[in-house]
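Spelled out, the chains give:
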Amino acid sequence: MDFKQIFNAAFEVEASAPGRVNLLGEHTDYNDGFVLPTAIPQQTTVYIGQSLNDRHHFYSAELEEWIDIHPAESTPPGFARYIDGCIRVLEETGYSIPPINLFVTSAVPIGSGLSSSAALEVATLRGLRSLLNLDLDDVTIAQLGQQAEIQYAGVNCGILDQMACSLADTEHLLFLDTRTLDRQILPFPTEAEIVVIDSGVARSLASSGYNQRRAECEAAARQLGVKALRDISDPQRVESLPEPIRQRARHVITENNRVLKAVEGVSAKTFGELMNASHRSLREDYEVSVPALDQLVDLLQNTSGVYGARLTGAGFGGACVALVAVGEGKAIAETVLKQYNNAGHQGNILVD
Ligand code: ADP
Ligand code: MG
């Protein structure tokens, strides 16, 4: 199916945005902290034309789902919230958006923690920018996408996903300070590339667990008298806190320190060790891992050619990312996946 078959007209603009994977800096973005994502090769593409009537029409090739909305109606549930949310935040910013036809198709795995939602938002906003000649820079697009996700999809997310999908590329790391939005485009560690493997475990507890962790971090910051945990760099300071917020705060503080260490231009080996330490911290202090993720990370970490591995995304299921020797990603991913699936799982390779 393409735009023409669905809407019986030609599209006017086309826009894309990639998914992303975060190498270090997990659960730090809503603590005003540091993150280090890169874009993945898979992209989401939208095709947009003006609607021939007074309604918006959206079609997703992946979901094979069609939704139409009158701009005066409230946003319907499902994937349309992300697109309609983008339109509405633009309207709230003062732009006037005509009814549109939008066709979306994507190679970004949906719901695996590689940010298909932010890729959809950024692609939609880029498409509307070119359709209507809107004066929006890439940072503004990321911020509008985040607002759409918070206000209309009901996901209380930080800015990591949208900034990565809007500003990162596959050849570099995006070092981002989520408080100031200061950023640097950095090279990968020498002789290294990434592998991403989905654990096959759905992130069923992810949204309740995520909201709880956020609340715990806010409580920790309050008790330590700082605006956000980002304002603390000495992990010793958490010792005055009660459990479990002590260990939650320790993860965030040590994770920020790991990002700051990684961007000093360390070797792939040191970078990998920081990723291993990040996984340990996510498992023991932040408690967002599950046995299948631990198993997958363990297999990766014990495979020759792997510098380091950890769960990526919010946790409770989803994917693992590894830093591996350049040129060996495909072979490593296949070896590890075979072992993992032989142990009774249903993983699959997302990036190699
Ligand atoms: P992630 O961003 O990690 O992939 P989310 O749960 O945040 O997972 O976002 C997934 C949601 O984004 C989907 O349930 C769907 O509503 C929307 N979405 C993403 N990509 C598409 C697509 N190609 N077609 C339709 N909806 C999509
Ligand atoms: Mg998402």
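All residue numbers here refer to positions counted from 1 along the written sequence of the relevant chain. Going through the entries in the order they are written, you letter the chains from A and number the ligands from 1. Totals for whole chains, interfaces and linings use all residues, but because this is a predicted model, local features are given only for residues with pLDDT of at least 70 and pairs of side-chain atoms are given and counted only at 80 or more. Only hydrogens and water are removed before side-chain values are computed, so all heavy atoms of the structure are retained for them.

Let us look at the side chain of Asp198. Elements are defined by DSSP. Helices are runs of H or I of four residues or more, strands are runs of E of two residues or more, and each kind is numbered from the N terminus. Note that Asp198 resides in strand 8 (residues 192–198). With a 1.4 Å probe rolled over the protein chains alone, any residue whose accessible area is under 20% of its type maximum counts as buried; one over 50% counts as exposed, and the rest are partly exposed. Charged residues are defined narrowly, with Lys and Arg counted positive, Asp and Glu counted negative, and His plus the chain ends left uncounted. A pair is scored as a salt bridge if a Lys or Arg side-chain nitrogen falls within 4 Å of a carboxyl oxygen belonging to Asp or Glu. Of the side chains with opposite charge, Arg203 comes closest to the buried, unpaired Asp198, at an N-O distance of 7.3 Å. Between N or O atoms, a polar contact is any pair within 3.5 Å; within protein, one atom must be a potential hydrogen donor and the other a potential acceptor, and residues adjacent in sequence are included only when both atoms are from side chains. At 3.2 Å, the side chain of Asp198 and the backbone nitrogen of Gly200 are in polar contact. Setting aside anything within four residues of it in sequence, one finds Asp198 in contact with Ser112, Leu296, Gly318, Ala319, Gly347, Asn348 and Leu350. Working rule for contacts: check all heavy atoms of both residues, and any pair within 4.5 Å makes them a contact.

What follows covers the site of ligand 1. The nearness test applies per residue and asks whether one of its heavy atoms lies within 4 Å of the molecule or strand. The environment of ligand 1 is made up of 18 residues, and the closest members are Ser60, Gly111, Gly113, Ser116 and Ser117. Here a nitrogen atom of ligand 1 and a side-chain polar atom of Glu62 are 3.0 Å apart. Within the side chain of Ser116, a nitrogen or oxygen atom sits 2.6 Å from an oxygen atom of ligand 1. Among the elements of the structure, strand 5 (100–106) and helix 3 (116–132) are those that each provide at least two residues to the shell around ligand 1. For the shell around ligand 1, the leading source of residues is helix 3, giving three residues. In this classification, Asp, Glu, Lys and Arg are treated as charged, Ala, Val, Leu, Ile, Met, Phe, Trp, Tyr, Cys and Pro as nonpolar, and every other residue, Gly included, as polar. Of the residues belonging to the shell around ligand 1, the class tally is eight nonpolar, eight polar and two charged.

Only C-alpha atoms enter the line fits that serve as axes; for helices the fit covers just the stretch in contact. Angles between N-to-C directions range over 0 to 180 degrees. The N-to-C vectors of helix 6 (residues 206–224) and helix 7 (residues 245–262) enclose an angle of 90°; their axes lie 9 Å apart at closest approach. When the interaxial angle is binned, helix 6 and helix 7 end up roughly perpendicular. Between helix 6, through Arg213, Glu216, Cys217, Ala219, Ala220 and Gln223, and helix 7, the contact on the second element is made entirely by Ile245, Arg248, Ala249 and Val252. For the contact of helix 6 with helix 7, the per-class residue count stands at six nonpolar, one polar and three charged. Oblique is the label for any angle not covered by the other classes, which are roughly parallel (under 35 degrees), roughly antiparallel (over 145) and roughly perpendicular (65 to 115).

In this section: the sheet that holds strand 8. Any two strands with at least two DSSP bridges between them are considered paired. The sheet built from four strands is open, its strands ordered 9-10-8-11 with antiparallel pairing. A single partner strand is all that each edge strand has here, and the edge strands are strand 9 (306–312) and strand 11 (348–351). Taken pair by pair, the neighbouring strands of this sheet meet at an average axis angle of 25°, ignoring direction. Of the strands in this sheet, strand 8, strand 9 and strand 10 (319–325) are in contact with helix 8 (residues 268–284), which crosses strand 9 at around 30°.

All domain edges in this entry derive from an automatic or database-based domain assignment. Domain annotation for the protein reports domain 1 (3–184) and domain 2 (189–351). One C-alpha centre belongs to domain 1, the other to domain 2; they are set 25 Å apart. Counting residues at the interface gives 31 residues for domain 1, matched by 42 residues for domain 2. For any pair of parts, buried area is found by adding up, for both, the accessible area (1.4 Å probe) each one loses once the two are put together. Between domain 1 and domain 2 lies a buried interface of about 2900 Å² when both sides are counted; carbon and sulfur atoms form 62% of it. The largest contributions to the domain 1 side of the interface with domain 2 come from Leu24, Glu26 and His27, which together make up 22% of the buried area. Between Lys227 and Asp32 there is a salt bridge, with the nearest N and O atoms lying 3.6 Å from each other. Inspection of the domain 1/domain 2 interface yields 20 residue pairs in polar contact (both at pLDDT 80 or more). Elements represented by at least two residues in the side of domain 1 that touches domain 2 include exactly strand 1 (13–24), strand 2 (34–50) and strand 6 (172–177). The element that contributes the greatest number of residues to the side of domain 1 that touches domain 2 is strand 2, accounting for seven residues. Looking at the side of domain 1 that touches domain 2 residue by residue, the class counts come to 14 nonpolar, 13 polar and four charged.

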